[in-house]
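Survey of secondary and tertiary structure
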Amino acid sequence: MFKTLSVLIPVYNEKYKIKECLNRVLSADTCGLKLQIIVSDNNSSDGTREILSSFQNSKVKCLFRDQNNGKGANIKNALKHAEGDIILFQDSDLEYSPENYPDLL
């Protein structure tokens, strides 16, 4: 039986959306699964890193890359820390809605 959902959020220069994204993922219906959120920042330079550094929630783990090697490298970085039985990728610009997680699960 599945117990944990890991939501991986690769992010680069999303200071205007990252808080909303995190709050919506945190309040999403995970169908009873324990939630783990891993944000991998790809060396943002617009203030996103500072916002993530100040975000306090035990379900959220923030990783900070020293060099931008593209979205693929950013996702691989987050995958190293995922502990979930199920893994979802959430773009930080909210292209996909966290409110749709139940349909995906």
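The text that follows walks through the structure, step by step, so that each part is easy to find.

So, about the overall build of the chain. When you go through the chain residue by residue, the secondary structure sums to 4 helices and 4 strands. Each helix and strand of the chain, ordered N terminal to C terminal, gives the series β-α-β-α-β-α-β-α. In terms of C-alpha radius of gyration, the chain reaches 13 Å, essentially the compact-globule figure of 13 Å for 105 residues. By residue count, 42% of the 105 residues in the chain fall in the buried class. Sequence-distant contacts in the chain: of pairs separated by 6 or more residues, those separated by 24 or more amount to 73%. As presented, the chain carries roughly 6000 Å² of accessible surface, and 47% of it is formed by carbon and sulfur atoms. Measuring between centres, the 13 positive side-chain charges of the chain sit 6 Å from its 14 negative side-chain charges.

For the rest of this paragraph, the subject is helix α1 (residues 18-26). Considered for burial, the residues of α1 that qualify are Ile 18, Cys 21, Leu 22 and Val 25. Down the axis of α1, the sector holding all buried residues measures 95 degrees, keeping them to one side. Looking at the packing, one finds that the buried side of α1 touches β1 (4-11), β2 (34-41), α2 (48-54), β3 (60-64) and α4 (101-104).

Another aspect to go through is the sheet that holds β3. Across the sheet, 4 strands lie side by side as β3-β2-β1-β4; this open sheet has parallel pairing. Two strands in the sheet have a free side with no partner beyond their single neighbour: β3 and β4 (86-89). Averaged over all pairs of adjacent strands, the angle between their axes in this sheet comes to 20 degrees, without regard to strand direction. Against the sheet, helix α3 (residues 71-79) contacts β1, β2, β3 and β4, and its axis sits at roughly 150 degrees relative to β1.

This part is about the nonpolar core. In this structure, Val 7, Ile 9, Leu 22, Ile 37 and Val 39 are the most contacted members of the largest nonpolar core, which totals 21 residues. Looking at this core, the elements with two or more residues in it are β1, α1, β2, α2 and β4. Contacts of Val 7, omitting those with residues within four sequence positions, involve Val 25, Leu 35, Gln 36, Ile 37, Ile 38, Leu 88, Gln 90 and Tyr 101.

Attention now moves to unusual backbone geometry. Even without a glycine there, the phi angle at Cys 31 is positive, about 55 degrees. Summarising the element assignment, Cys 31 is placed in the loop between α1 and β2. If you check the backbone angles, Leu 94 has positive phi at about 60 degrees while not being a glycine. As for its placement among the helices and strands, Leu 94 is situated in the loop between β4 and α4.

Residue placement: Asn 77 occurs in helix α3. Given the relative accessible area of 13%, Asn 77 is considered buried. A polar side-chain atom of Asn 77 sits 2.8 Å from a polar atom in the side chain of Ser 40.

Scoring rules and cut-offs
Residues numbered from 1 in each chain as written. Predicted model: local features only at pLDDT ≥ 70, side-chain atom pairs only at ≥ 80, totals over all residues. Heavy atoms only, no water. Helix = DSSP H or I, 4+ residues; strand = E, 2+ residues; numbered from the N terminus. Rg over C-alpha atoms; globule rule 2.2 N^0.38 Å. Buried < 20%, exposed > 50% of the residue type's maximum accessible area, 1.4 Å probe, protein only. Contact = heavy atoms within 4.5 Å. Areas by Shrake-Rupley, 256 points an atom, 1.4 Å probe, with all protein chains shown as cover. Lys, Arg positive; Asp, Glu negative; His and termini not counted. Charge placed at Lys NZ, Arg CZ, Asp CG, Glu CD. Arc of directions from axis to C-beta. Pairing = 2+ DSSP bridges. Axes fitted to C-alpha atoms, helices over the stretch in contact; angles between N-to-C directions. Core = buried A, V, L, I, M, F, W, Y, C linked by side-chain atoms within 4.5 Å. Polar contact = N/O pair within 3.5 Å; in protein donor to acceptor, adjacent residues only side chain to side chain.

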